[in-house]
Amino acid sequence: MILGALVVGLLTAFYFGLRSGVVAAAVTAALFLAAMILPGAKLVAYAIVGAGLVGVCVVGPSRRKP
């Protein structure tokens, strides 16, 4: 759970900056915590994290910094 949030945060920080990476890591940790507490929300939380990670991987490399 913590390792997954760190990986998502680091990948987002690499492409979009440190502030976005910290926000992404915090949101991912909150979603993983909700998935641990609420068994019915597990699939939804994992789907949201997966969709966000795919979005970062698709949009990130095409974005160039000035």
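Criteria and thresholds
Residues numbered from 1 in each chain as written. Predicted model: local features only at pLDDT ≥ 70, side-chain atom pairs only at ≥ 80, totals over all residues. Heavy atoms only, no water. Patch = residues over 30% accessible without salt bridge, like charges linked within 9 Å, V, L, I, M, F, W, Y side chains within 5 Å. Areas by Shrake-Rupley, 256 points an atom, 1.4 Å probe, with all protein chains shown as cover. Salt bridge = Lys/Arg side-chain N within 4 Å of Asp/Glu carboxyl O. Helix = DSSP H or I, 4+ residues; strand = E, 2+ residues; numbered from the N terminus. Buried < 20%, exposed > 50% of the residue type's maximum accessible area, 1.4 Å probe, protein only. pLDDT = per-residue confidence, 0-100. Expected span 1.5 Å × (residues − 1). Arc of directions from axis to C-beta. Contact = heavy atoms within 4.5 Å. Polar contact = N/O pair within 3.5 Å; in protein donor to acceptor, adjacent residues only side chain to side chain.

Caption draft 1: View of a nonpolar patch on the surface. Together, M1, I2, L6, L33, M36, I37 and L38 make up a nonpolar patch on the protein surface, roughly 740 Å² of accessible area in all. Among the elements of the structure, α1 (2-16) and α2 (18-37) are those that each provide at least two residues to the nonpolar patch. A total of three residues in the nonpolar patch trace back to one element, the largest contributor, which is α2. Locating I2 in the fold gives a position in helix α1. The class for I2 is exposed, based on a relative accessible area of 61%.

Caption draft 2: Structural view of the confidence of the model for the chain. Considering every residue of the chain, the mean pLDDT works out to 92; 97% of them sit at 70 or more. Of all secondary-structure elements in the chain, the lowest mean pLDDT belongs to α1, at 93, while α2 reaches the highest, 95.

Caption draft 3: Up close: α1. An ideal rise of 1.5 Å per residue puts 21 Å on 15 residues; α1 measures up with 21 Å between its terminal C-alpha atoms. The set of residues buried in α1 consists of A5, V8, G9, T12 and A13. In an axial view of α1, the angular spread of the buried residues amounts to 130°, which keeps them on one side of the axis. Turned more than 90 degrees off the buried face of α1, the exposed positions are L3, L10 and F14. Those residues of α1 hidden inside the fold are in contact with α2 and α3 (42-59). One or two steps after α1, the chain reaches G17, where phi turns positive at roughly 110°.

Caption draft 4: Inspection of the environment of T28 at higher detail. Residue placement: T28 occurs in helix α2. The class of T28 is buried, set by a relative accessible area of 5%. Along the sequence, T28 and P39 sit eleven residues apart, while their C-alpha atoms lie 16 Å from each other. Not counting chain neighbours up to four residues away, the residues in contact with T28 comprise G4, A5, V8 and V49. Polar contacts involving the side chain of T28 include one to the main-chain carbonyl oxygen of A24, which spans 2.7 Å.

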